[in-house]
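# Geometric and topological summary
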Amino acid sequence: MLKLKHINKIFNESTPDEKIALDEINLHMEPGDFVTVIGSNGAGKSTMMNMVSGALTPDFGTIEIAGKDVTKLPEYKRSTMIGRVFQDPMAGTAPTMTIEENLAMAYSRNKKRRLRGGVDKKRREFFRESLETLHLNLENRLNAKVGLLSGGERQALSLLMATFTQPSILLLDEHTAALDPARAALITELTKRLVDKDNLTTLMVTHNMQQALDLGNRLIMMDKGQIILQVGEEEKKQLSIEKLMAEFQRIRGEKLTSDAALLSV
């Protein structure tokens, strides 16, 4: 469903500020895979995510989604294949529009645009049923402006909108990092339910090691623009934070930095 082949990216090449952001990244994801990505700040996690979405293009290498080479395809054309939830709860929704209007836009994301009336009774009922799965009472607030929702409610709505069209690949970019622990736990549980329901192929970046261990069937660790560790399903079940840190030290010959966000549980 997703193939990254020999992806390389250098920022500010041939200048004093040159930075190798991605160095020979290779990642293959089968349909239904849920891969969690961990690594300290500057490891290349978000750059890799932006490569998949089309926000960035690689200097070398190819990107395939659902068997299609999308390496040179712009972000807006890839959007029909991709659902994405960002770290900032404000980023995934239109605050001045109602919940219903936001859902209507998401519902039509991969459909041809044509002149038609507003949301009909059948679609409104579908929206209500979908919102009921969030258990946040949003189904009774369809006409509320999204800007009036709490951060957790907006992130839950963003997650629902990103999965509406059952995208080829779902990108979760530290989507619980800006929330308090209680709301982060709610969004984590919701993520698991929505991904499992439609068996969505999912790539999730997180600083939270415990979250990376609790979700998904595969895990990768990045450092300095490289994937330094890939863990399959059976091995992942035996992992702990301590074992992950020991693996980093074994591979890199140094201890993982004591970044509070990275070590959060």
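Residues numbered from 1 in each chain as written. Predicted model: local features only at pLDDT ≥ 70, side-chain atom pairs only at ≥ 80, totals over all residues. Heavy atoms only, no water.

### With respect to the sheet that holds strand 10 (residues 226–231)
The six strands are arranged 6-7-8-3-9-10 in an open sheet whose pairing can be described as mixed. The two strands at the open ends of the sheet, each matched to only one other strand, are strand 6 (82–85) and strand 10. Averaged over neighbouring strand pairs, the angle between their axes works out to 20° when direction is ignored. With four bridges connecting them, strand 3 (residues 34–38) and strand 9 (residues 218–223) associate as parallel partners. Across the sheet, T36 pairs through a bridge with L219, a residue of strand 9. In the packing of helix 5 (residues 151–163) onto the sheet, the strands contacted are strand 6 and strand 7 (169–173), and the crossing angle to strand 6 comes to about 170°. Sheet strands in contact with helix 9 (residues 241–252) are strand 3, strand 9 and strand 10, and its direction is about 135° off that of strand 10. (Pairing = 2+ DSSP bridges. Helix = DSSP H or I, 4+ residues; strand = E, 2+ residues; numbered from the N terminus. Axes fitted to C-alpha atoms, helices over the stretch in contact; angles between N-to-C directions. Contact = heavy atoms within 4.5 Å.)

### Let's talk about the pattern of salt bridges
Under the definition given, this model contains eleven salt bridges. Residue E100 pairs with R124 through a salt bridge whose shortest N-O separation is 2.5 Å. Of this pair, E100 sits in helix 3 (residues 99–107) while R124 sits in helix 4 (residues 121–132), placing them 24 residues apart in sequence. On the basis of relative accessibility, which here comes to 28%, the residue R124 falls in the partly exposed class. (Salt bridge = Lys/Arg side-chain N within 4 Å of Asp/Glu carboxyl O. Buried < 20%, exposed > 50% of the residue type's maximum accessible area, 1.4 Å probe, protein only.)

### Let's talk about helix 1 (residues 45–53)
A large share of helix 1 lies buried, amounting to seven of its nine residues. All of the buried residues in helix 1 are K45, T47, M48, M49, M51, V52 and S53.

### Notes on the packing of helix 3 against helix 4
Where helix 3 meets helix 4, the closest approach of the two axes is 11 Å, and the angle between their N-to-C directions is 100°. In terms of their interaxial angle, helix 3 and helix 4 are classed as roughly perpendicular. Contacts between helix 3 and helix 4 involve I99, E100, L103, A104 and Y107 on the former and, on the latter, R123, R124, F126, F127 and L131. (Parallel < 35°, antiparallel > 145°, perpendicular 65-115°, else oblique.)

### Looking at the packing of aromatic side chains
Evaluation of the coordinates by the stated rule reveals six aromatic pairs. With 6.1 Å between their ring centres and 75° between their planes, Y107 and F127 make a pair best called edge-to-face. Placement of the pair is Y107 in helix 3 and F127 in helix 4, with a sequence separation of 20 residues. Taking the relative accessible area as the measure of exposure, F127 reaches 0% and is therefore buried. With a centroid separation of 5.9 Å and an interplanar angle of 25°, the aromatic rings of F127 and F164 are classed as stacked. (Phe/Tyr/Trp six-rings, centres within 6.5 Å; stacked < 30°, edge-to-face > 60°.)

### Comments concerning the pairing of strand 1 (residues 2–11)
Looking along a regular strand, one sees side chains alternate from face to face of the sheet. Relative to strand 2 (residues 19–29), strand 1 runs antiparallel, the two sharing seven bridges. For I10, the partnering residue across the bridge sits in strand 2 and is I20. Alignment of strand 1 against strand 4 (residues 60–65), held across five bridges, turns out to be antiparallel. When the bridges of strand 4 are listed, K3 appears paired with E64.

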